[in-house]
Every structure is written in C-alpha cells, then in structure tokens.
Amino acid sequence: MSNYNFQTRAIHVGSEPDPVTGAVIPPISLSTTFAQTAPSKPIGAFEYSRSQNPNRENFEKVIASLEKGKYGLAFSSGSAASGTILQSLASGGHVISIADVYGGTHRYFTKVASAHGITTDFAQDLVEELPKLIKAETKIVWIETPTNPTLKITDISKVKQIIKESSNPNIFLVVDNTFLSPYIQNPLEHGADIVVHSATKFINGHSDVVLGVAATNNDFIYEKLSFLQNALGAIPSAFDSWLAHRGVKTLALRVKQSASSAQKIAEFLSKSENVVSVNYPGLPTHKGYEIVQKQHRDSLGGGVISFRVKGGASGASKFTQSTHLFTLAESLGGIESLLEVPAVMTHGGIPEEERIKSGIYDDLIRLSVGIEDTEDLIKDIEQALTAAVSN
Ligand SMILES: *Cc1c(COP(=O)(O)O)cnc(C)c1O
C-alpha cells in the first residue's frame, strides 16, 4: 500500500475484510488465548493476547504506514509508550529533553526514570544548547514540536544533524508527535529514530480512548521495544485498539477541519484588542514559521492555539467560564472544542518561576479546536472575550 496517499492508507492498511466471514470491518477479537495444533504450533499468528492481538496488530500496521515507519507498537497510553522507551535505557543513561515537554513526560524523567539511574537535562532551545549538553552517556534526545502549551517549533532535521556531527553520533532522536498527528508531520522523514503519540488525542480523536503508539524504521529499536511491550505488558485492549483504528480512518478529515478553523481563530485573536499575544505555528508571524513551511504538510499549524487574554488570571478564568461551545477541560485533539488554563490546570505542578520562563503566564489560555462549524466557534470566542474584559 506504500504507493498510495495518506487517506487511502488510513482507510485500507490493516483493514482487510475478514477471511472467514467476509466482514468488511474486522471483528473485535476478545479472546485472550489462541488454539494450537501441537505444542508451540499456533493455528495462526497469535498465541496470547498480551504478546499480540489481531486488533492491536491492525492498528499498529496502519500507524506504521501513516508515520512512514517499518514498525508500529501500541501501548495502554501515551505515557506507557514513553515509559517503555525510557525503560529500554540501561542505568547510567543520560537524556536531553526540550524544556516544555508534556507534564507527564517531565514527571517520568524526573521522578521515575531518575529512580532507575537515568539523568535528564532540559533545554529551552535544543538547537542552540545541544552541542554543550551531549555527553558520552547520552542515549536519547527527546523533542516535542510544537511544545505544549506555548507551541514553540524545533527543527527536527537540524537536531539530527547536530547529533550526527557530535562526539556521540549514535544517540537516538525521539519525537512526540501528538500535537500534529501523522497527517501534518512525519518525524521519521526528518531524521527521528522513534516517533511517539498519545493516540488519546488526535489519532483516536473522539475523547473516548486512552492509548499510545510508537513507530520506527530501526530493527534494533523495534526488537527492544517489542520485547518490553510484552515483558512490561502495558498494552491496549482489543476494544480500545479497534476504536482507535476506527478513529484513524477519519484522521485526515478531522485534522484538516480542525487546523483550518484554528488558523481562522488565531487570525481573529491576533486582531482582537482584548488579546495580549497569540501562539500559533500557522501564523506567518510565529518565530518558527520558516521551519513550519518545510516540516508541516501544507504549512498547517495544527488544532491547538494558546493566547494571553487581557485582565490577567481573572480575565482568563472569566473567559473559560463564558464560552458555550468550548468546554473547560484538559486534553485536546477531539472532535469537540476544549479550552483550559495551563498555569492552574495541566501545568499547575511546575514551579512558578520555571513556568513563567517557558511563557506559561497566568493569563494564558489553551484552545483545542474541534470540528464544529468555524463561524460558530469564532462567535463563541468573540462573545467570551467581551465577557472576560467586562466587569
Ligand atoms: C497527553 C499527552 C501525552 C500522554 O499521553 P496519555 O495517553 O495521556 O498517557 C504525552 N505527550 C503529549 C504531547 C500529550 O499531549
């Protein structure tokens, strides 16, 4: 299927009609175990559902295809995918991560991996700081682009080049691609060794499954992660794999709609006198726009925007209580629009000084733009801005 375009692969890879019944949509395979004809001679490709399951395998195949990888590996959550990757490092290993990495990943680096003898350095600007941070023990460089919630962009191929030219060229480059989805960005094509997703967000896209996935072209990495996937057992259920696979089939349609509305909303916010500043990678005024043009499909900015509203923390609080279509809730990437205040919600655990250094001010609001009607969404934001600044 590799010569077909994205939407065709999303529909057909891993989705063959059932050879026994002809069912066009593969059935949910709930059996935990699979019959064998002789000891250690299973009838088909499966033995035990933790090791592999038909629905998980189908989902892994389609993600590998969409991320232009040879292999896909699904996990019980995005956090389990990240945790399994870090678990593959021997004690004494060193990681360099972008500073405003997902909160749960930051927590894993500093509170879980650290207990296994892994140390992590955080960099505000990887391209600038990486050469000084690379050591003999460095095993992984971890990127999120755009970052959460300030949407800073990192040049993946430039980071790969710095690694290659360093004293330690075998460092693996990991990119968390949750915020853009494989429709907008394919990190493996820009030099990443592993791409990881919280499929809970855009990939499943309907806010009803928690699931993670990784993809790679590297045989050695695949062997290691697939061993740990089975040994640690942080795998998704057959039902969740089936649901996430169903979500993938409309990924391109959803992401296009969400990014198109987000672009118009970001432009609207930029012109509003009730807004202090807007972070959105689709705006030509964004600091990383030159990288966006070569790294993102059609220069799409994605479905997430953050902006500072006038009136400080209380303005932000009022805004979030005045929207009718954007629901005040954590998470992102679903068909419904959500909003949150990172300083007191998703990023509340970060010390204030560090938070401000990353641009996460008290008046910062993060929007996850769903696939409702664009005009309705803009009207909702317009009236909430008026409510936020009035006394
Ligand atoms: C949500 C998220 C995760 C964690 O995924 P879970 O599925 O919630 O465990 C990791 N990275 C990013 C960028 C996320 O948004």
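- The chain appears in an unreviewed UniProt entry as cystathionine gamma-lyase from Wickerhamomyces ciferrii.
- Checking UniProt for the chain, the heading Sequence similarities (unreviewed entry) contains the comment "Belongs to the trans-sulfuration enzymes family."
- Under the UniProt heading Cofactor (unreviewed entry), the entry covering the chain gives this text: "pyridoxal 5'-phosphate".

## Structural notes on the UniProt feature "modified residue: N6-(pyridoxal phosphate)lysine" (unreviewed entry) in the chain
Consideration 1: UniProt marks K201 with the feature "modified residue: N6-(pyridoxal phosphate)lysine" (unreviewed entry), using the numbering shown here.
Consideration 2: One can find K201 in the loop between β8 (194–198) and β9 (212–216).

## Quick look at helix α5 (residues 126–133)
Consideration 1: When α5 is considered as a whole, its buried residues turn out to be L126, L130 and L133. One side of α5 holds all its buried residues, which, seen down the axis, span an arc of 75°. With respect to the buried face of α5, the exposed residues turned more than 90 degrees away are E128, P131 and K132.
Consideration 2: Looking at the packing, one finds that the buried side of α5 touches β4 (94–98), β5 (119–123), β6 (138–144) and α6 (156–164).

## Side note on the pairing of β5
Consideration 1: With five bridges connecting them, β4 and β5 associate as parallel partners. Paired with V95 across the strands is T120, a residue of β5.
Consideration 2: Considered for its hand, the β-α-β crossover made up of β4, helix α4 (residues 103–112) and β5 is right-handed.

## Describing the environment of P284
Consideration 1: You can see P284 is positioned in the loop between β10 (275–279) and α11 (289–295).
Consideration 2: The exposed category is assigned to P284, whose relative accessible area is 59%.
Consideration 3: Taking the C-alpha atoms as reference, P284 lies 21 Å from S181; in sequence the two are 103 residues apart.

## Points about the sheet that holds strand β14 (residues 364–368)
Pairing between the strands of a sheet comes from backbone hydrogen bonds, and it takes one of two forms, parallel or antiparallel.
Consideration 1: Strand order in the open sheet made by the five strands is β10-β11-β14-β13-β12, with mixed pairing throughout. Looking along the sheet, the strands with just one partner apiece sit at the ends: β10 and β12 (327–328).
Consideration 2: The pairing of β12 with strand β13 (residues 338–340) spans two bridges and is parallel. Counterpart to T327 in the pairing with β13 is L338.
Consideration 3: Where helix α10 (residues 251–271) meets the sheet, its contacts fall on β10, β11 (304–309) and β14, and the angle it forms with β11 comes to roughly 15°.

## Quick notes on the domain arrangement of the chain
Consideration 1: Per the domain assignment, the segments making up the chain are domain 1 (6–248) and domain 2 (252–389).
Consideration 2: Inter-centroid distance (C-alpha atoms) of domain 1 to domain 2 is 26 Å.
Consideration 3: Counting from both sides, the interface comprises 33 residues of domain 1 and, opposite them, 39 residues of domain 2.
Consideration 4: Carbon and sulfur atoms supply 57% of the area buried between domain 1 and domain 2, which totals about 3100 Å² over both sides.

## Details of the site of the ligand
Consideration 1: Looking at the ligand, the residues that line it are S77, G78, S79, Y102, E144, D176, T178, F179, S198, T200, K201 and L211.
Consideration 2: Starting from 390 Å² of accessible surface for the ligand in isolation, the protein chains cover 91%.
Consideration 3: A per-class count over the shell around the ligand returns three nonpolar, six polar and three charged.

## What to know about unusual backbone geometry
Consideration 1: Omega for the peptide link from T145 to P146 comes to 0°, which places this bond in the cis form.
Consideration 2: Within the secondary structure, P146 is located in the loop between β6 and α6.
Consideration 3: The linkage connecting N148 with the following residue, P149, adopts the cis geometry, with an omega of 0°.
Consideration 4: Its location among the elements puts P149 in the loop between β6 and α6.
Consideration 5: Its identity as a non-glycine residue notwithstanding, S40 has a phi of 65°, on the positive side.

Rules of the game
Residues numbered from 1 in each chain as written. Predicted model: local features only at pLDDT ≥ 70, side-chain atom pairs only at ≥ 80, totals over all residues. Heavy atoms only, no water. UniProt positions renumbered as here; feature names shortened; annotations may be inferred. Helix = DSSP H or I, 4+ residues; strand = E, 2+ residues; numbered from the N terminus. Buried < 20%, exposed > 50% of the residue type's maximum accessible area, 1.4 Å probe, protein only. Arc of directions from axis to C-beta. Contact = heavy atoms within 4.5 Å. Pairing = 2+ DSSP bridges. Right-handed = clockwise from strand over helix to strand, strands pointing away. Axes fitted to C-alpha atoms, helices over the stretch in contact; angles between N-to-C directions. Domains from an automatic or database assignment. Buried area = accessible area lost by both parts, 1.4 Å probe. Near = heavy atom within 4 Å. Areas by Shrake-Rupley, 256 points an atom, 1.4 Å probe, with all protein chains shown as cover. Nonpolar A, V, L, I, M, F, W, Y, C, P; charged D, E, K, R; others polar.

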